[in-house]
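Structure assessment
One-letter residues, chain by chain:
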Amino acid sequence: MMGRYFAIRIGRAALTIVLVVTFAFVVLRLSGDPALMILGPEAPSEVLAAFRKAWGLDDPIWFQYLDYFGAIAKGELGRSMRDGRPAIELVLERIPATLALTLPAFAFKVALGVPAGIYAALHRGSAIDRAVMMTAVAGFTVPSFVLALILVLVFAVQLGWLPSGGQDSWRHAILPIATLSLGGAAVLARFTRSAMLEVLGQPYIRTASAKGVPWRKVVTSHALPNAAIPSVTILGFMVGTLIAGAVVVESVFAWPGVGRLLVVAVANRDLAVVQCILLLVAMTMVTSNLIVDFLYGFLDPRLRTKGAHA
Amino acid sequence: MVTPLVSIQDLRVAFGGVSVLRGVDITLQQGEALGLVGESGSGKSVTWLAALGLLPRHAQISGSVRLEGREILGAPAAELDHVRGGRIAMIFQDPASALNPVLTIRRQLCEALALHRDLQGNAVKAEARRLLDLVGIPDAGRRLEAYPHEFSGGQVQRIMIAMALAGNPDVLIADEPTTALDATIQAQILELLSTVRREFGMAMVLISHDLGVVAENCDRVAVMYAGRIVEEAPANQLFADPVHPYAQGLIGALPPLDGPRRRLTAIPGTVPDPAKMPEGCAFAPRCALAAEPCGHAAPTLAPIANDRSVACIRAEASRRALLGIAAE
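Since the model is a prediction, treat every value here as computed from it, not as a measurement.

Looking now at the overall build of chain B. Helix and strand counts for chain B come out as 12 helices and 12 strands. Expected size for 328 residues packed as a compact globule is a radius of gyration near 20 Å; at 21 Å, chain B falls within 12% of this value. Expressed as a percentage of the 328 residues in chain B, the buried residues total 42%. By sequence separation, contacts in chain B at least 24 residues apart represent 61% of the contacts at least 6 residues apart.

So, in structure tokens, the structure goes:
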């Protein structure tokens, strides 16, 4: 029975990927002519025509679409229209650079946001709670490109401590990682705080105290396991953005990751590359959602039995 | 006179300047069953939550709560943790949400055992099993590994009782233990409570708005109204002959089990808003017998006979009437 529960989930995940890829396919083809974008408006019309013919852009869109899915079924994700290299290769070689930013940022988000949220909830109304929440609201509302520019202004331009862009040393990674971490930590702190407050107001917390359980243990063994359930959702979402969650930050700091590649590829209507990245993003998102579903079952015994009966 | 087991004096609780308890005095003797009745919001639960330090931090609490003569109000956390569960256990109204949904029954029961009993290793689990057996959970050994949602409401309340017994307490505070349950289950749980009380020699405080439940299960009854105790008496005397107009109103609203049928009475009006408490006696606006002096000062709880106290300016007359009856 458990198997059927997960089969449904996996089927739904596959459908999501197909929809994302289809949407991207259609929108990209309706929003500009790759031949013009790549060869430039001055290119002679016969060159443009030859380019379109070579990449199959003259075929009806449904034909291109079927062609595309046929290729995916064979494991081919197409070639870049700019240099003819396989799109997947271009994307894969950028992934380490992106992960070099997003993985440490993810660790910092969790290490900063979760304890701050728990602390704020446990000391609700205190000066520290208000300070945490104000910082969180600021971190939550300031767009990452603004935050990135502020950090550059302060640490690169004014103080001259850190480089403002590029990828030459580990010092170049500090500002982009800081930008990514701060925003994410703010989201996590807010979320953890409200999950924790919700749980602390539950009758079973009072029961635990009435049993004589010391407060510290009430928090660690009664409140945290319950507050972890909603927090897993947001953490799963953050894992889903590891591959392409740094588009803006990579652009600001000239960091040659997947995000930068995506921006350039979209600008050029380099169809295969954009589609390849979107497919990858959809797959990581969907996978992290699946992991979240599995974790729910692990964390919440109520879902486990419901799942078993589904 | 022996030191009472629990003695609460002039307990006051306010939330953000709004008084919800306005000077409560209760004593509880060893092994006694005390009923605490009154409408919702009269302060029955708050009294005991405050006494055990279970109210939110922003509650302003004053007065005195003594356990065998020792002050526990505002005691250090470590001492309170020892009292809670170990000396005074509490069970609550809504069993469905009173147990932690992500922990097994075994973990929640063994936690209480580990805190208050000198048990180790397998003895803890054996005792947990014995307690589940005792409160009437069938197949206790296997059910220990189940989660709260796998039990019915009545069963969860039984588990709550088992958990309360785990610390061998001297007092069990049962806060509306049967309100959320079906009538037949209610009777079973009350039966179980009185059995374990006898077996363990515990005192019990039964908080309820159901007078019938209290009449059957308690030796003594205290009636609360708007954050104060307005009458306190042995259960049989209170139900036969209530003195405070509010207690009279409550009992007049109950259909008699025997004797001639009579018209049931209702108390007009509603409980006053704690933020807009009337001057003087809080019950005066709803009282058929209210007179001009009722609006001046709140009457204090004063003895009118052996074991009986009433907070009403008419109590003096009642006292004379009671003594008159006794003289005849």
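Turning our eyes to something else, we now look at the confidence of the model for chain A. Overall, the prediction assigns chain A a mean pLDDT of 85, with 97% of residues at 70 or greater. The weakest mean pLDDT in chain A belongs to helix α14 (residues 301–309) of chain A at 63; the strongest belongs to helix α9 (residues 203–210) of chain A at 93.

Residues and elements named next belong to chain B. Buried residues dominate strand β8 (residues 203–208), accounting for six of its six residues. Residue alternation in β8 divides its side chains into two sets, A203, V205 and I207 and M204, L206 and S208, and both sets are buried. As judged from the five bridges shared by strand β3 (residues 33–37) and β8, these two strands associate in the parallel manner. Directly across from A33, in β8, lies its bridge partner M204. The β-α-β motif built from strand β7 (residues 171–175), the intervening helix α8 (residues 183–200) and the parallel element β8 has right-handed crossover chirality.

This part takes up the environment of B:A112. Counting through the fold element by element, B:A112 comes out in helix α4 (residues 105–116). Judged by the 27 C-beta atoms lying within 10 Å of it, B:A112 is buried. Between the alpha carbons of B:A112 and B:G167 there is a distance of 6.5 Å; along the sequence they are 55 residues apart. Apart from the residues lying within four places of it in its own chain, the contact partners of B:A112 are A:K211, B:G85, B:M163, B:A166 and B:G167.

This part covers the sheet that holds strand β9 (residues 220–225) of chain B. Residues and elements named next belong to chain B. Strand order in this open sheet of eight strands is β6-β7-β8-β3-β9-β10-β12-β11, and the pairing throughout is mixed. The outermost strands of the open sheet, each flanked by one partner alone, are β6 (88–91) and β11 (302–305). Strand-to-strand twist across the sheet, computed as the mean angle between neighbouring axes with direction ignored, equals 25°. Inspection of the sheet shows β9 paired to strand β10 (residues 228–234) by six bridges, in the antiparallel sense. Looking at β10, one finds that Y225 is bridged to R228. Docked against the sheet, helix α11 (residues 245–252) engages β9 and β10, running at close to 105° with respect to β9.

Conventions we followed
Residues numbered from 1 in each chain as written. Chains lettered and ligands numbered in written order. Predicted model: local features only at pLDDT ≥ 70, side-chain atom pairs only at ≥ 80, totals over all residues. Helix = DSSP H or I, 4+ residues; strand = E, 2+ residues; numbered from the N terminus. Rg over C-alpha atoms; globule rule 2.2 N^0.38 Å. Buried ≥ 20, exposed ≤ 12 C-beta atoms within 10 Å, placed from the backbone. Contact = placed C-beta atoms within 7 Å. pLDDT = per-residue confidence, 0-100. Pairing = 2+ DSSP bridges. Right-handed = clockwise from strand over helix to strand, strands pointing away. Axes fitted to C-alpha atoms, helices over the stretch in contact; angles between N-to-C directions.

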